[in-house]
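# Results of the structural survey
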Amino acid sequence: MKQNKKTAPAELSYYGLYLLDYLRKYHPDKVSDTPFITGREEAASETFEKERTAGSTVEAAQEEAMRILLEGLHFSPYALLLEVVENEFSEEVQEQKREAFCHKLYPYLKNLFDGYDTSDDNFALSPDHTLLYTELTGAVMLYLESYGV
């Protein structure tokens with residue numbers, strides 16, 4: 001049975017569903033990575049249980065579980081691409097077409113993103129972030145000049 005892209009497998013827990021929604025918004029390239037999702041889901045659930053068993057409050061256990069769930073995912077290359085398009089190409093790409101444009105362009109930028117360690121949760125504060133923003137601006141400009149919107 002083929003699953004709809006917008007629905008999630010029934011067996012996912014709260015953490016799995018939360019992660020899947022987060023990935024759809026910020027890391028669309030990871031949405032179909034089932035081993036990644038289930039691994040993070042299990043790690044977060046285990047962390048919550050371990051923290052509660054150790055005497056942590058529900059809030060503290062939840063905070064630690066969410067830290068594990070989203071580790072390395074706080075910076076989103078996709079969100080940066082969308083930001084570049086919104087800030088630098090608002091006249092070239094209509095607002096209602098920006099997400100579709102970014103989804104279409106994103107896979108072609110894999111080599112560009114691979115040149116940066118965006119898994120660091122502090123990447124957005126690094127000088128490389130500015131450099132990546134600039135390179136994305138150039139890549140989008142070249143794409144628009146070559147293919148139009």
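Up top is the structure.
For the structure given in this document, a descriptive report is provided here. All figures in this text were calculated on a predicted structure; none of them were measured in a lab. (Residues numbered from 1 in each chain as written. Predicted model: local features only at pLDDT ≥ 70, side-chain atom pairs only at ≥ 80, totals over all residues. Heavy atoms only, no water.)

### Digging into helix α4 (residues 77-88)
Going by this rule: Only runs of H or I of at least four residues qualify as helices and only runs of E of at least two qualify as strands under DSSP, and these elements are numbered from the N terminus. How far a helix is expected to stretch is found by multiplying one less than its residue total by 1.5 Å. Working definition: with a 1.4 Å probe on protein chains only, accessible area under 20% of the residue-type maximum means buried, over 50% means exposed, and in between means partly exposed. We call two residues contacting when some pair of their heavy atoms lies within 4.5 Å.
For α4, spanning 12 residues, the distance from its first C-alpha to its last is 16 Å, which sits close to the expected 16 Å at 1.5 Å a residue. Within the span of α4, buried status applies to Pro77, Tyr78, Leu80, Leu81, Leu82, Val84 and Val85. Looking at the packing, one finds that the buried side of α4 touches α1 (14-26), α5 (98-105), α6 (110-114) and α7 (127-147).

### Quick look at the pattern of salt bridges
The condition is simple: Think of a salt bridge as a Lys or Arg side-chain nitrogen and an Asp or Glu carboxyl oxygen that are within 4 Å of each other.
Summed over all chains, the structure comprises five salt bridges. The shortest N-O distance in the salt bridge between Asp21 and Lys25 comes to 3.2 Å. Of the two residues, Asp21 and Lys25 are both situated in helix α1; the distance of four residues between them amounts to about one turn of the helix. Judged by relative accessible area, which is 36%, Asp21 ranks as partly exposed. Taking the shortest distance from any N to any O, the salt bridge between Glu71 and Arg67 comes out at 3.8 Å.

### What about the side chain of Thr118?
Relative to the assigned elements, Thr118 resides in the loop between α6 and α7. With residues near it in sequence (within four places) discarded, Thr118 still touches Gly72, Phe75, Pro77, Phe123 and Leu132.

### Describing the nonpolar core
The condition is simple: Side-chain atoms within 4.5 Å are what join buried Ala, Val, Leu, Ile, Met, Phe, Trp, Tyr and Cys residues into a set we call a nonpolar core.
Core analysis: the biggest nonpolar cluster contains 25 residues, and Leu81, Phe101, Leu109, Leu132, Leu136 and Val140 have the highest contact counts within it. Listing elements by their share of this core, those giving two or more residues are α4, α5, α6 and α7. Among the elements that take part in this core, α7 stands out by supplying seven residues, more than any other. Excluding its chain neighbours within four sequence positions, the residues that come into contact with Phe101 are Val85, Val93, Val140, Tyr143 and Leu144. Grouped together as the second largest cluster of nonpolar side chains are 13 residues, Leu20, Leu69, Leu70 and Leu73 included.

### Focus on the environment of Asp120
Spelled out, the test is: We call two N or O atoms a polar contact when they sit within 3.5 Å, provided that within protein one can donate a hydrogen and the other can accept it, with sequence-adjacent residues counted only if both atoms are side-chain atoms.
With respect to the helices and strands, Asp120 occurs in the loop between α6 and α7. Asp120 sits 48 residues away from Gly72 along the chain, and the two C-alpha atoms are 5.7 Å apart. In terms of polar contacts, Asp120 uses its side chain to reach the backbone amide nitrogen of Asn122, at 2.9 Å.

### Some details on a negative patch on the surface
Heads up, the condition is: Residues enter a patch when their relative accessible area is above 30% and they make no salt bridge; the linking distance is 9 Å between like charges and 5 Å between nonpolar side chains (Val, Leu, Ile, Met, Phe, Trp, Tyr). In these tables, accessible area is a Shrake-Rupley quantity obtained with a 1.4 Å probe, and a residue counts as shielded only by the protein chains included in the view. Charged residues are defined narrowly, with Lys and Arg counted positive, Asp and Glu counted negative, and His plus the chain ends left uncounted. For charged residues, the charge sits on one atom: NZ in Lys, CZ in Arg, CG in Asp, CD in Glu.
On the surface, a cluster of negative charge is made up of Glu83, Glu86, Glu88, Glu95 and Glu99. Mapping Glu99 onto the fold places it in helix α5.

### A short note on the side chain of Thr47
Take Thr47: it is sitting in helix α2 (residues 34-53). Among the polar contacts listed, one links the side chain of Thr47 to the backbone oxygen of Ala43, at a separation of 2.7 Å. Contact partners of Thr47, with chain neighbours within four places excluded, come to Glu64, Ala65 and Ile68.

### Notes on the packing of aromatic side chains
Worth spelling out the cut-off: Pairing of aromatic side chains here covers Phe, Tyr and the six-membered ring of Trp, requires ring centres within 6.5 Å, and sorts the geometry by plane angle: under 30 degrees stacked, over 60 edge-to-face, intermediate tilted.
Within this structure, the stated rule accounts for eight aromatic pairs. On the numbers, 5.2 Å between centres and 70 degrees between planes, the contact of Tyr14 with Tyr15 is edge-to-face. Aromatic side chains Tyr78 and Tyr106 sit 5.7 Å apart centroid to centroid with 75 degrees between the ring planes, which places their arrangement in the edge-to-face category. With a gap of 28 residues between them, Tyr78 in helix α4 and Tyr106 in the loop between α5 and α6 connect regions that are remote in the sequence. By relative accessible area, Tyr78 is classed as buried at 2%. Joined through ring pairs, the aromatic side chains of Tyr14, Tyr15 and Tyr18 make up one cluster.

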